[in-house]
Amino acid sequence: MRDPKLQAFGQRVRELRKNKGWSQEQFADLAGLDRSYMGHIERGEKNITLLKIYQISDALKLPPQSLFERSKS
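Residues numbered from 1 in each chain as written. Predicted model: local features only at pLDDT ≥ 70, side-chain atom pairs only at ≥ 80, totals over all residues. Heavy atoms only, no water.

**Student:** Please explain the packing of helix H1 (residues 4–20) against helix H3 (residues 35–42) as it appears in this structure.
**Tutor:** To describe two helices that pack against each other, one gives the angle between their axes and the distance between the axes. Here H1 crosses H3 at 120°, and the two axes come no closer than 7 Å. If you check the angle between H1 and H3, you find them oblique. Each of Leu6, Phe9, Gly10, Gln11, Val13, Arg14 and Arg17 in H1 lies in contact with H3, whose residues at this interface are Met38, Ile41 and Glu42. Grouping the constituent residues of the contact of H1 with H3 by class yields five nonpolar, two polar and three charged. (Axes fitted to C-alpha atoms, helices over the stretch in contact; angles between N-to-C directions. Helix = DSSP H or I, 4+ residues; strand = E, 2+ residues; numbered from the N terminus. Parallel < 35°, antiparallel > 145°, perpendicular 65-115°, else oblique. Contact = heavy atoms within 4.5 Å. Nonpolar A, V, L, I, M, F, W, Y, C, P; charged D, E, K, R; others polar.)

Encoded structure:
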């Protein structure tokens, strides 16, 4: 069973990526991650490290804490 916190984080990453209009492959490349690894993150299958969180937030040009905010929809 997947952890709800990991799922929420992955959903937030996916939401922010889609808001930028990026494919998962484009985003993974910008973040310096493998596309399949990014898929695992977005599906809540990976408990990622702090360094990966910073890579993702840097690619999005957003502060890391924005990755933990709940969607407003």
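On we go.
**Student:** Help me understand the pattern of salt bridges, please; the structure alone is not making it clear to me.
**Tutor:** Under the criterion given, the structure shown has six salt bridges. Here the salt bridges do not stand alone but share partners, grouping Arg2, Arg43 and Glu45 into one network. (Salt bridge = Lys/Arg side-chain N within 4 Å of Asp/Glu carboxyl O.)

**Student:** Whenever I open this one, the packing of aromatic side chains confuses me. Can you help?
**Tutor:** How two aromatic rings sit relative to each other is given by the distance of their centres and the angle of their planes. With the rule as written, the count across this model stands at two aromatic pairs. Geometrically, the ring pair formed by Phe9 and Phe68 is tilted, given 5.3 Å between the ring centres and 45° between the ring planes. Linking Phe9 in helix H1 with Phe68 in the segment after helix H4 (50–60), this pair joins segments that are 59 residues apart in sequence. Between Trp22 and Phe27, the ring centres sit 5.8 Å apart and the planes meet at 25°, which makes this aromatic pair stacked. Residue Phe27 is classed as buried on the basis of its relative accessible area of 0%. (Phe/Tyr/Trp six-rings, centres within 6.5 Å; stacked < 30°, edge-to-face > 60°. Buried < 20%, exposed > 50% of the residue type's maximum accessible area, 1.4 Å probe, protein only.)

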